[in-house]
Each structure stands twice: as C-alpha cells, then as structure tokens.
Amino acid sequence: MNITSEVQIVLIEDSDDDAALTMRAIKSSNLVNDIVWLKDGEEAINYLKSENEAGEAKPKLILLDLKLPKINGIEVLERIKQDEDLKKMPVVVMTSSKESKDLDRCYSLGVNSYVVKPIDFSRFMDVTKKVSLYWVLINQIPKD
Amino acid sequence: MEKNLLTILSIVLLCCSCNPSKTTELIDTESVVVCVSGMATEEASKSGTTVSSYFSNLLTTEYWPARWTCGQWTETEGWMYIASDAAIFLSYLSIPIMLLFYIRRRKLDLKLKAIVALFGAFILLCGFTHLIDVVIFWEPVYRLSGFVKLLTGVVSLGTACVLGLVIPQALKFKSPDEVKISEEKLSHLKDLLHEMSDITMLGSWEVDIKSNKASWSDMVYDIHEVERGIEIKVEDGINYYHPDHREIISKAVKDAIAKNEGWDLELIIITKSNKEKWVRAIGQPVVVKGKLKKLRGLFQDIDQKKRNELKLEETSKNLEQLVEDRTSELRKANQELESFSYSVSHDLRAPLRAINGFAEALNQDCKDQLDDQASQFLERITANSTKMGQLIDDLLEFSRMNRKETNFREIDLQSMITKTVKEIFPDASKSIKINKLPTIVGDKEMLEQVFTNLLSNAVKYSSKVAKPAITVSAEENLNHHILTVADNGVGFDMQYADKLFGVFERLHRDSEFEGTGVGLALCQKIINAHQGEIWAESKLGEGSSFHLKLKKTS
C-alpha cells in the first residue's frame, strides 16, 4: 500500500548494515516506502539544499545518525536547524549512544526527538517502526 | 658670752694637754702649785682677752711655762710622750698624702672626692694637734694649740656628720667578696653571651651619629670575614651589601635617622672573600633626651637557614607545578577515556546490532529453509550478541560513574526507594517490604543506581524460591546510617564474599542467573565516592543481606 510517492523519510546513516536494518524495519510496516538514504553529512546537506531549491516537497522526517564521516551528525543537525529553509524539518536522532553530552547538545540545537537504537533486533524493529509511523502519519508539519 | 666660751674651751684644752702630768701631780705637789699659780696669774692678767686679741697674738708663749718645766718630767716620760706624738703626727701626715695620691690616680665622682678630702683634712688636723703637743714641751703655744684643736673639733664634727649621711649609702656598697662573686657572675654571663653569639652567629653593632664611626662585635667582623677590630665607617658597612640590596639598607638607615624607625631585614652581603651570604640585619635608633645619638642593632648570619628556606620554597613551587602538570595529564587521560568510551558505545554497539539484526532477519526470512540445529545456532548468535550489548552498556555505565562528579544533597530514602520499586520492579513490588528509612545526604542519581542494582539482585536471586521476601531497612548509630537490602534467595558461600564486588566477577553461571558482574562493582564505586562502606552477609540457600554504611553528614 503506497500512500504517496513523495519522499517521506531521509535516512542519514553511514553504516550499510544499520541502513539496511532500519529500512527493513520501516518498510515492514508497509506504510512508508519512499526513503532516501544518504551516506554522509556532506551528501545529506547538499541533497536537502538542492531539493529545497528545486521546490520539491519537504520530507516528513529526517532520521539522523550521529557518527558520520566528514560532517558528523551533530553538525548536520546544527546546519539544518540554523538554515532558514530547512529548520522546520523534523529531525530525529537515532544513535547507538545515550551519552548525556550528545543528548544535551542535540536538544540545545533543537532536535525533534532522540532515540537510542536497541541492540536487540526485535526491539529495534519495534522502535524504528513506531518512530517512523508517528512522524510520517500522525505528526503534522507546516506546509510550505 | 663668746669670751666665756673661749675661756672654757681653752681650759678644757689645757687640761687635756696637761693630762700626762696628772700622775706626776700626785707625786710632786710643789710643781703643780707652780703651774696652777702660773695659770692663775695669767688668767688674772688677761681677764680682758677678746676674740680679736686672741687671734692677733696666736703664737704667744708668755703666759704659760713650757711643758718640760711644768711638773717633774723624767727624761723617759717626756721623750716617750714626745716620740709617740711625733710618730702619730707623721703617720697622720702620711695618710692624707696617700689619700691625695688615691684621689688623683683613681677616677672618683666629685662628691666622693670631697668626702675623702674632708677625711684627709680631719686626719691632718689631728696630726697637727699632736705636733703642737710636741712643740709645747719647749714652746708653750697654747693659744695656737687651742685654735688648732678648735679647728680639728669642727672638722671632726663635720666629718662625723658627713659619715653619718654616707654610711647608709656605703652599706650598700659591695664587699670585696661580693664584688668578686659579681665579677664571676659577670664573666660567666659574658662567656654565655659569647657562646650564644657563636652558636646563633649573632653579633651586635653600634654607630655613633656624630662621628659616623661604627663599632662591631667580633661576630659581625667574622660574618663579614673581615679582620677583627679594623675601623669601620657606616658607608663601609653598607658597601658590604649586595648591589641589589644596598638601596634597601641605605633607605632603612635614612628612615631610622629621619623618622626614628627601626628595621629588621633579610639581605645578602658580599663578604671580603667575595662570598654571598644571607644575613638578618636589625637596627634601632637610640634617642637620648629627644636627640638621636646612635644607631644600634644586631647582625646575624642566616645563610644556611635562608638557603634551606628558599630551597624548600622552590621545591614546593616545583611540587605545585608537578601537581598541576599531573592534574592536566590526568584531565587529558580522562578526556581520552571519555572519547574512548564514546567510541565504544557507538562503534561496538553498531556491529552487534547488525549481527543481532541479520540473525533475526535470517530467522524471519528463511525460517523454512533452516533445520532445527541451524535455528538453534541462530538463537545462540542472537542471545550472545544481546548479552554482549548488555556487557557494553554496563561497562559504559561503570566508566561513566568513574568520571561523574558527585552532587551531594539531602535525599528522602523512603520516597526514593518506594518510587524505584514502583517504577523498576512493578512485578516484584508485592514481595518487597520497605521499613522506615531516613533522610540522608548523598548523590541522588548514584544512590538510586545502588538501590536499583541491589534490589535487582535481590529480586533475581530470590526468583526461584517459593515466596520471595525482600526487605529494605535502616539502623543508625552516632555517626552513621546502616542501610540493608535483605532477601531470602539462594545466597552465596561467604568464602567468595571478597569476590562479590570485583568487576565482571560472578558467583553464578549465566544459565542459573543472568548477569554481567558489573552491578555490585558499580555499587562499591558509588559508596566509595560517598566515603561509605558496603559489605554482604549470606548463607547458602538462606538468602543474602547487603549493608551500606553512610556518614550522617557529608
């Protein structure tokens, strides 16, 4: 069941494995199909900028890993939240750590949600599904 | 009146002069009669004698016979008399001469000189009376004799009076023995002072403002390594100071002269043999009747002491630097550790999640193609990766506690533990009994962790008994609270009690009770940070009690 063809989720994740598992979890709900997977911070920023300039519809959710090559996740978050055009996009940090330093930093930069990826796969599936469903289906973002 | 007095005096004197003849008087009444008649004649003939006529004719001899002719003197009697008087006179003459010599040679104050002179005059006059007594044997100068005796009487009385005044003072004078003892004492004190000066290397000095001359004690010369006794001027003294300190001492001297201020300084001098030496220079103005007369003070060699002090100062400074360096090294190491654990938490967990995830995916997607053994292997992969994830989490928590700074405040244990039980052990809450608990001082987050771990252990190890009973209780003594978490679970063998609190140490196999062996190590770390104690008591099969001893005030 394909609700829309628009890009709904942007996944910024450098690990093939994590990306594959995350996408498996999201897709397992059969509700969201349009996922763009970007492998590093630089690529992510460039993509979001160019999409915005091309006037494409904004994604409903950006899933952001913190440990990324080149530009790390925190910096990506900072750039998004400080960019007039991008700052309204919901960003959910999904990371392995619950270091309080990261939590503090992310929230002070205006992250919309912070989720620790469980190691246990069934719990991971559960969490990922819930997050994507909530942001894509339940949450409302401003038009424009 | 005056005349009568003189007459009486003359008679008395005459009688005294005639005294030796009294014995003869008894023998020869005729000559006595001659004398008496002579006297009577004289007295009758000069009944009109006045003071002025007495003195104008002082040496007259006409009214009296010579003593030889008065009475019956034998040669022996007369010459014994004359010789004795002459001897007395000579000795009485020599005494004042000696006194004169004494006065001239010995420095005496004026008052004492006058007393000695008076005493000399008294002796001399006494001598003259004896001389005149000799003369009278041939020339009867009784008038002169009378006058000299009068003079002697007056001077004697004067001397007696002065002596009366001086005696109380003289009593205070020390006897030669006492003087000797005092001198011995003085010399002993001098020796002591010398010894003290040698031991403390402390000398004294004095500067006369008028002459600008300085006088140094031997020790001051020795400190300067200058030959003792050499004449020193103020400038010479100042020039011995180190060029850097010369100004300081000059100013101190100037201030002392201008403002009557003393000084006490630790400075460096350069001795004659070119050695740098630390000294303590103390100076004080000496003011007499509002006028500055001298500068006086002490001078001490403090070289060794000062150098030790400076060395100590430097050592302690170095030590401080060392501590600072070490602290910054530690801080750096801590930072490294932090970034290490950050990496661990990210990088170790990601592959685990992948192993776990793909094993699960394999299980889901290809279940039909897997036989029982393959499925079992997959399960083991999943279980182990989950376990490893738990280990990493606990390890991270353990290292996080190492780095965490404590934040002490009051904690109501009753409500804290009640809440913990309700939130974390909802299923076991019926078997957990919470007695009355106190309010203590500690780090809330840390202590919450401790009770979570202890309760979690209690729940876990009593899960296999029919009726689990867990109690949280508190006791107190004067200075401490003792908190206990007790259960009726499997317990442990007390011989392994010391292993309980080691990291990754476990007393049970995973197949019996799951665990990572980090929980109690963490508890101990936290209790240590509270300067408390943690220990356990148990009996196999009867349960365990974990006790915490925490100070009442932190």
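Every value quoted in this text rests on a predicted model; they were computed, and no experiment measured them. (Residues numbered from 1 in each chain as written. Chains lettered and ligands numbered in written order. Predicted model: local features only at pLDDT ≥ 70, side-chain atom pairs only at ≥ 80, totals over all residues. Heavy atoms only, no water.)

(A) Structural view of the overall build of chain A. When you go through chain A residue by residue, the secondary structure sums to 5 helices and 5 strands. Secondary structure elements in chain A, listed N-terminal to C-terminal, are β-α-β-α-β-α-β-α-β-α. Here chain A holds 144 residues, and the buried ones make up 51% of them. Total accessible area on chain A stands at roughly 6900 Å², and carbon and sulfur atoms take up 47% of it. (Helix = DSSP H or I, 4+ residues; strand = E, 2+ residues; numbered from the N terminus. Buried < 20%, exposed > 50% of the residue type's maximum accessible area, 1.4 Å probe, protein only. Areas by Shrake-Rupley, 256 points an atom, 1.4 Å probe, with all protein chains shown as cover.)

(B) Geometry of the sheet that holds strand E5 (residues 276–288) of chain B. All names here are of chain B. The strand order across the open sheet built from 6 strands is E3-E2-E1-E6-E5-E4, with neighbouring strands paired in antiparallel fashion. Only two strands of the sheet have a single neighbouring strand rather than two, namely strand E3 (232–233) and strand E4 (263–270). Bridge count for strand E1 (residues 202–208) against strand E6 (residues 291–301) is 7 bridges, and the pairing is antiparallel. Bridging from a neighbouring strand, Ser204 pairs with Leu298 of E6. Sheet contacts for helix H11 (residues 243–259): E4, E5 and E6; angle to E4, the most-contacted strand, approximately 145°. Packed on one face of the sheet, helix H12 (residues 303–365) meets E4, E5 and E6 and runs near 120° to E5. (Pairing = 2+ DSSP bridges. Contact = heavy atoms within 4.5 Å. Axes fitted to C-alpha atoms, helices over the stretch in contact; angles between N-to-C directions.)

(C) Inspection of a positive patch on the surface at higher detail. A grouping of Lys210, Lys289, Lys291 and Lys293 of chain B is seen on the molecular surface, where their side chains present a positively charged patch. With respect to the secondary-structure elements, Lys210 of chain B resides in the loop between E1 and strand E2 (213–216). (Patch = residues over 30% accessible without salt bridge, like charges linked within 9 Å, V, L, I, M, F, W, Y side chains within 5 Å. Salt bridge = Lys/Arg side-chain N within 4 Å of Asp/Glu carboxyl O. Lys, Arg positive; Asp, Glu negative; His and termini not counted. Charge placed at Lys NZ, Arg CZ, Asp CG, Glu CD.)

(D) Region of the structure containing the packing of H12 of chain B against helix H13 (residues 372–403) of chain B. All names here are of chain B. H13 packs onto H12 with a crossing angle of 165° between their chain directions and a minimal axis gap of 9 Å. Considered as vectors, H12 and H13 are oriented roughly antiparallel to each other. You can see that H12 and H13 cross each other, and the crossing is left-handed. When the residues that make up the contact of H12 with H13 are grouped by side-chain class, the tally is 11 nonpolar, 10 polar and 5 charged. (Parallel < 35°, antiparallel > 145°, perpendicular 65-115°, else oblique. Left-handed = near helix turned anticlockwise from the far one by under 90°. Nonpolar A, V, L, I, M, F, W, Y, C, P; charged D, E, K, R; others polar.)

(E) Focus on empty space enclosed by the protein. One pass over the full model with this rule turns up 4 cavities of 30 Å³ or more. Estimates place the volume of the largest cavity at around 240 Å³. Among the secondary structure elements, those contributing two or more residues to the lining of the largest cavity are E1, E2, helix H9 (218–224), helix H10 (234–239), H11 and E6 of chain B. It is H10 of chain B that contributes the most residues to the lining of the largest cavity, 3 residues altogether. A class-by-class count of the residues in the lining of the largest cavity yields 14 nonpolar, 2 polar and 1 charged. Residue lining of the second largest cavity: 11 residues in total, with Glu51, Ala57, Lys58, Pro59 and Met89 of chain A positioned closest to the centre. Of all the elements, helix H2 (residues 41–53) of chain A adds the most residues to the lining of the second largest cavity, at 4 residues. Class assignment for the residues of the lining of the second largest cavity results in 7 nonpolar, 1 polar and 3 charged. (1 Å grid on protein atoms, 1.4 Å probe; cavity = no way out; pocket = protein on both sides within 12 Å on 5 of 7 lines; lining within 4 Å. Points joined across faces, edges and corners; volume = space filled by probe spheres on them.)

(F) Main features of the pattern of salt bridges. All chains considered together, the criterion is met by 28 salt bridges over all chains. The partner of Lys49 of chain A in a salt bridge is Asp83 of chain A, with the nearest N and O atoms 2.4 Å apart. With Lys49 of chain A in helix H2 and Asp83 of chain A in the loop between helix H3 (73–82) and strand E4 (91–95), this pair connects stretches of sequence that are 34 residues apart. Assessed through its relative accessible area of 12%, Asp83 of chain A is described here as buried. Note that Lys130 of chain A is salt-bridged to Asp126 of chain A, the shortest N-O span being 3.2 Å. Taken together, the residues span about one helical turn, with Lys130 of chain A and Asp126 of chain A both in helix H5 (residues 121–138) at a distance of 4 residues. According to the relative accessible area criterion, Lys130 of chain A is exposed, its value standing at 55%. The network of salt bridges with shared partners includes Glu13, Asp18, Asp65 and Lys117 of chain A together with Arg353 of chain B.

(G) Just the interface of chain A and chain B, in detail. Every contact between the two is made by 21 residues of chain A and, on the other side, 21 residues of chain B. Regarding the contact of chain A and chain B, the summed buried area is about 1900 Å², with carbon and sulfur atoms giving 55% of it. When residues of chain A are sorted by the area they lose upon contact with chain B, Arg24, Lys67 and Ile119 of chain A head the list and together hold 34% of the total. Between Asp18 of chain A and Arg353 of chain B there is a salt bridge, and its shortest N-O distance comes to 2.6 Å. Summed over the shared surface of chain A and chain B, the number is 7 residue pairs in polar contact (both at pLDDT 80 or more). Of all the secondary-structure elements, those providing two or more residues to the side of chain A that touches chain B are helix H1 (16–28), helix H4 (100–109) and H5 of chain A. (Buried area = accessible area lost by both parts, 1.4 Å probe. Polar contact = N/O pair within 3.5 Å; in protein donor to acceptor, adjacent residues only side chain to side chain.)

(H) Fine view of the packing of H2 of chain A against H3 of chain A. All names here are of chain A. At their nearest, the axes of H2 and H3 sit 9 Å apart, and the two run at 15° to each other. What the angle tells us is that H2 and H3 run roughly parallel. Every pair of crossing elements has a handedness; the one defined by H2 and H3 is right-handed. Together, Gly41, Ile45 and Leu48 of H2 and Val76, Arg79 and Ile80 of H3 make up the contact between the two elements. Residue composition of the contact of H2 with H3, grouped by class: 4 nonpolar, 1 polar and 1 charged.

(I) Main features of H3 of chain A. Residues and elements named next belong to chain A. For H3, every residue scored as buried is listed here: Gly73, Ile74, Val76, Leu77, Ile80 and Lys81. Projected down its long axis, H3 shows its buried positions confined to an angular sector of 160°, all on one face. The inward-facing, buried residues of H3 contact strand E1 (9–12), H2, strand E3 (61–64), E4 and H4. (Arc of directions from axis to C-beta.)

(J) Just the sheet that holds E3 of chain A, in detail. Residues and elements named next belong to chain A. On the basis of which strands lie adjacent, the open sheet formed by 5 strands has the order E2-E1-E3-E4-E5 and parallel pairing. At either margin of the open sheet sits one strand with a lone partner, and together these are strand E2 (35–38) and strand E5 (113–116). Adjacent strand axes in the sheet meet at a mean angle of 20°, parallel and antiparallel pairs treated alike. Where E1 lies against E3, 4 bridges are found, and the strand directions are parallel. Counted as the bridge partner of Ile12 is Leu64 from E3.

(K) Expanded view of the environment of Asn402 of chain B. All names here are of chain B. Tracing the chain through its elements places Asn402 in helix H13. What makes Asn402 partly exposed here is its relative accessible area of 43%. Between the alpha carbons of Asn402 and Ala529 there is a distance of 9.3 Å; along the sequence they are 127 residues apart.

(L) Fine view of the packing of aromatic side chains. All names here are of chain B. Enumeration over the complete set of coordinates arrives at 22 aromatic pairs over all chains. Between Trp64 and Tyr142, the aromatic rings sit 5.5 Å apart at their centres with planes inclined by 70°, giving edge-to-face as the arrangement. Taken as a pair, Trp64 in the loop between helix H4 (51–56) and helix H5 (75–105) and Tyr142 in helix H7 (residues 142–172) lie far apart in primary sequence, 78 residues in all. Judged by its relative accessible area of 11%, Trp64 is buried. Centre to centre, the rings of Trp73 and Tyr81 are 5.5 Å apart; their planes meet at 70°, and the pair counts as edge-to-face. Taken together, Trp68, Trp73, Trp79, Tyr81, Phe137 and Trp138 form an aromatic cluster joined through their ring pairs. The side chain of Lys306 reaches across the aromatic face of Trp278, ending 4.9 Å from its centre. The ring centre of Phe513 lies 4.3 Å from the NZ or CZ of Lys464, which sits over that ring. (Phe/Tyr/Trp six-rings, centres within 6.5 Å; stacked < 30°, edge-to-face > 60°. Lys NZ or Arg CZ within 6 Å of the ring centre and 35° of its normal.)

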